[in-house]
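Tertiary structure, described
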Amino acid sequence: GSGRYWRYVRRPVASALFALWPRTVVHGSGHVEVKVPELEEGRVRRERWDWASHDQYIGGLLDDLLRPRRWPFEVAVAPLFYGQATGRNAVEAALAKPPSEVAWYIYCSITHAYSDGLCGQALFADLLRFYEEELHGTVTPERNAP
């Protein structure tokens, strides 16, 4: 069957996929737009929705935040907390609160015009690695191709 051929092509295919991920050109920060919620009367959440959990609330917030859409790739950072806070935007306000009071959401939208579905795994692996580096103040060494 075709399964026996996989052992012959697995390594070259894995190496090719690994090599393709860094194909994105990194622009200067002036070309990058990460969308962040603005505060409305000191709140990132509408008061009438305080009954909802952050997980229940985030979908509507992102839907509003990401209009108009910026295809093929866009990123949003949305910290959620209850009540009022001060700051120019939700990130600034969230950083002034105790960490236990803030839930951080990172949203990445990538269309098939940019990437296929399998690349999502590599993207999330990179995001988790970056998160660990930020959390522990360390740098993870680059991995070799499989």
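Residues numbered from 1 in each chain as written. Predicted model: local features only at pLDDT ≥ 70, side-chain atom pairs only at ≥ 80, totals over all residues. Heavy atoms only, no water.

Attention now moves to the packing of aromatic side chains. For the coordinates displayed, the defined rule picks out two aromatic pairs. Relative to tyrosine 57, the ring of tryptophan 49 has its centre 6.5 Å away and its plane inclined at 65°; by these criteria the two rings are edge-to-face. Owing to a relative accessible area of 35%, tryptophan 49 belongs among the partly exposed residues under this scheme. Of the aromatic side chains, those joined through ring pairs into one cluster are Trp49, Trp51 and Tyr57. (Phe/Tyr/Trp six-rings, centres within 6.5 Å; stacked < 30°, edge-to-face > 60°. Buried < 20%, exposed > 50% of the residue type's maximum accessible area, 1.4 Å probe, protein only.)

Here the focus is the pattern of salt bridges. Under the definition given, this model contains nine salt bridges. For aspartate 50, the salt bridge identified is with arginine 45, shortest N-O distance 3.7 Å. Between aspartate 64 and arginine 46 there is a salt bridge, with its nearest N and O atoms 4.0 Å apart. Within this pair, whereas aspartate 64 is found in helix 2 (residues 54–65), its partner arginine 46 is found in the loop between strand 1 (34–35) and helix 2, the two being separated by 18 residues in sequence. Of the residues examined, arginine 46 reaches a relative accessible area of 35% and is grouped as partly exposed. Residues joined by salt bridges that share partners form a network here, namely Glu40, Arg46, Asp63, Asp64 and Arg67. (Salt bridge = Lys/Arg side-chain N within 4 Å of Asp/Glu carboxyl O. Helix = DSSP H or I, 4+ residues; strand = E, 2+ residues; numbered from the N terminus.)

Turning our attention to the nonpolar core. One finds Ile58, Leu62, Leu80 and Phe81 to be the most contacted residues of the largest nonpolar core, which totals 19 residues. Counting residues per element, the ones that place at least two in this core are helix 2, strand 2 (73–80), helix 3 (90–95) and strand 3 (103–110). With five residues, helix 2 is the largest single contributor of residues to this core. Not counting the four nearest positions on each side in its chain, phenylalanine 81 is found in contact with Leu39, Gly42, Val44, Arg45, His54, Ala90, Ala93, Ala94, Lys97, Glu101 and Val102. (Core = buried A, V, L, I, M, F, W, Y, C linked by side-chain atoms within 4.5 Å. Contact = heavy atoms within 4.5 Å.)

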